[in-house]
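This is what each chain is made of:
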Amino acid sequence: MSAAPTSKEPVIFSQVVEALFKHAIKRERFDADTRRRLKTIGIDLDQPFLVAYSVPTWFAAIRVCAEVLYPDLPSEQARYRLGRQLVDGYGQTTMGRAVFAMLRMLGWERSLTRISRGLQSGSNFLSARTRFLDEGATLEMVFEVMPEFRAAFGAQPGIDPYFMNGTMDGMMALVGSPFAGGELQPIEPGSQHVVYLLRRKA
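Remember, it's a predicted structure, so these values are computed and weren't measured experimentally. (Residues numbered from 1 in each chain as written. Predicted model: local features only at pLDDT ≥ 70, side-chain atom pairs only at ≥ 80, totals over all residues. Heavy atoms only, no water.)

K.L.:
Can you walk me through the pattern of salt bridges in this structure?
P.N.:
Pairing is possible between side chains that carry opposite charge, provided their charged atoms lie close to one another. Using the criterion set out here, one finds 9 salt bridges in the structure. Close ionic contact of D44 with K39 constitutes a salt bridge, the shortest N to O distance being 4.0 Å. Assessed through its relative accessible area of 53%, K39 is described here as exposed. Across the pair E140 and R131 runs a salt bridge, and its minimum N-O distance is 2.7 Å. Under the relative-accessibility criterion, E140 is labelled buried at 12%. Residues participating in the shared-partner salt-bridge network are R129, E144 and R150. (Salt bridge = Lys/Arg side-chain N within 4 Å of Asp/Glu carboxyl O. Buried < 20%, exposed > 50% of the residue type's maximum accessible area, 1.4 Å probe, protein only.)

Below is the structure:
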């Protein structure tokens, strides 16, 4: 796997990888065998982070972290927890501190209009849209791969729905959203988007 793909390919930027491995998860938690696994995948924790990483590299790293850190949980739950942890870690990066300060200032409702911009500070291929349903009692959030990048994924998904669910819930908590955790909706085979429904808290 290439760890530094060309700019035309979908990539995850270094600040997201740094957020997970430098801030959300302390590197010392990984033994020599796990570090070798990550290096084989394309993430060398003993070297400076690259500018960007391929999506397969990122997904493979998430799976390794889920197995190592949460061995007693089903993979879906473990990846959800990592997504929540990523939000905390991202808030400790230079980019994350700036983004989170702006979101807190805007408040939860105005922050919804900035979700795509926030995603694009960590990747180059994701966008998001939201809408209120049931007279405001339900919030629908859709994350999707932008059309120009879909061919690059082929039949492979461009979004880890469980990791994204954790990230989304972490962000909503950060901005003081009045909605409870998102419910992942059924995913169509080959789909490059995921949908969550969030219910307003009683």
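Now that the structure has been shown, the text picks up again.
K.L.:
I'm lost on unusual backbone geometry in this one. Help?
P.N.:
Only a minority of non-glycine residues have a phi that is not negative, and only a minority of peptide bonds are not trans. Positive phi outside glycine occurs at D134, with the angle close to 55°. Within the element layout of this structure, D134 appears in the loop between β3 (126-133) and β4 (138-145). In the Ramachandran plot, E135 falls in the positive-phi region, its phi being about 55° despite a non-glycine side chain. Within the secondary structure layout, E135 lies in the loop between β3 and β4. Residue E135 is classed as exposed on the basis of its relative accessible area, which comes to 85%. (Helix = DSSP H or I, 4+ residues; strand = E, 2+ residues; numbered from the N terminus.)

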